[in-house]
Amino acid sequence: MEIKDNTFQRQFEADANGKLVTVEYSHQERKIFLTRIVSPEGFEDEEFIGGMLRQILDGARERNLKVVPTFPKIAAFFRKNPAYKDLLPPGIKI
């Protein structure tokens, strides 16, 4: 899966069978706030969204960024995948 970082619109974009799935973000200092997942009407492929989030978080790890999940689905992803909890800034527990 190829994920494009659209810095102008502040979102990560991926193509899911011809449908655009985006993860909106806000970047401040050494933190990235994942604010929303936007998917087409009726798109419920949790595996695709999980894979997309894994690639985004791996990229944040490479760039030494902390990640603040502000969207409930993204926070749930952190709960299900404790391997990424080291990306949370100090004081944030999910």
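Below, the structure is looked at part by part. (Residues numbered from 1 in each chain as written. Predicted model: local features only at pLDDT ≥ 70, side-chain atom pairs only at ≥ 80, totals over all residues. Heavy atoms only, no water.)

### Brief notes about the pattern of salt bridges
Okay, so step 1: For the structure on display, the rule yields two salt bridges.
Okay, so step 2: Asp86 is paired through a salt bridge with Arg61; the nearest N and O atoms lie 2.7 Å apart. One end of the pair, Asp86, is in the segment after helix 2 (72-80); the other, Arg61, is in helix 1 (residues 46-62), with 25 residues separating them in the sequence. (Salt bridge = Lys/Arg side-chain N within 4 Å of Asp/Glu carboxyl O. Helix = DSSP H or I, 4+ residues; strand = E, 2+ residues; numbered from the N terminus.)

### A few points about helix 1
Okay, so step 1: Spanning 17 residues, helix 1 covers 24 Å between terminal C-alpha atoms, matching the ideal 24 Å at 1.5 Å per step.
Okay, so step 2: Three or more residues of helix 1 are buried, namely Phe48, Ile49, Gly50, Gly51, Met52, Leu53, Ile56, Leu57 and Ala60.
Okay, so step 3: Lining the buried residues of helix 1 we find strand 1 (3-6), strand 2 (11-16), strand 3 (19-28), strand 4 (31-38), strand 5 (66-69) and helix 2.
Okay, so step 4: Its side-chain oxygen 3.3 Å from the backbone nitrogen of Glu47, Asp45 forms the N-cap of helix 1.
Okay, so step 5: Looking one or two residues past helix 1, Asn64 carries a phi angle of roughly 55°, positive in sign. (Expected span 1.5 Å × (residues − 1). Buried < 20%, exposed > 50% of the residue type's maximum accessible area, 1.4 Å probe, protein only. Contact = heavy atoms within 4.5 Å. Polar contact = N/O pair within 3.5 Å; in protein donor to acceptor, adjacent residues only side chain to side chain.)

### Description of the sheet that holds strand 2
Okay, so step 1: Strand order in this open sheet of five strands is 1-2-3-4-5, and the pairing throughout is mixed. The open sheet has two edge strands, strand 1 and strand 5, and neither has a second partner. Taking each pair of neighbouring strands and ignoring which way they run, the sheet shows an average axis angle of 30°.
Okay, so step 2: For strand 2 and strand 3, the ladder comprises six bridges, and the chain directions are antiparallel. Looking across to strand 3, one finds that Ala16 is bridged to Lys19. (Pairing = 2+ DSSP bridges. Axes fitted to C-alpha atoms, helices over the stretch in contact; angles between N-to-C directions.)

### Section: the packing of helix 1 against helix 2
Okay, so step 1: Two numbers describe how helix 1 lies on helix 2: the axes approach to 11 Å, and their chain directions differ by 75°. Taken as axis vectors, helix 1 and helix 2 run roughly perpendicular relative to one another. Contacts from Glu46, Gly50, Leu53, Arg54 and Leu57 of helix 1 reach helix 2 at Lys73, Ile74, Phe77 and Phe78.
Okay, so step 2: In terms of residue class, the contact of helix 1 with helix 2 is made up of five nonpolar, one polar and three charged. (Parallel < 35°, antiparallel > 145°, perpendicular 65-115°, else oblique. Nonpolar A, V, L, I, M, F, W, Y, C, P; charged D, E, K, R; others polar.)

### Examining the packing of aromatic side chains
Okay, so step 1: Evaluated as defined, the whole model comprises three aromatic pairs.
Okay, so step 2: Where Phe43 meets Phe48, the ring centres are 5.9 Å apart and the plane angle is 90°; that geometry is what we call edge-to-face. (Phe/Tyr/Trp six-rings, centres within 6.5 Å; stacked < 30°, edge-to-face > 60°.)

### Thoughts on the nonpolar core
Okay, so step 1: Among the nonpolar cores identified, the biggest contains 25 residues, and Phe12, Val23, Leu34, Met52, Leu57 and Val67 are the most heavily contacted of them.
Okay, so step 2: Contributions of two or more residues to this core are made by strand 2, strand 3, strand 4, helix 1 and helix 2.
Okay, so step 3: Residue contributions to this core peak at seven residues, all from helix 1.
Okay, so step 4: In this structure Val23 touches Arg10, Gln11, Phe12, Leu34, Arg36, Ile37, Met52, Leu53, Ile56 and Ile74, once residues within four positions along its chain are discounted. (Core = buried A, V, L, I, M, F, W, Y, C linked by side-chain atoms within 4.5 Å.)

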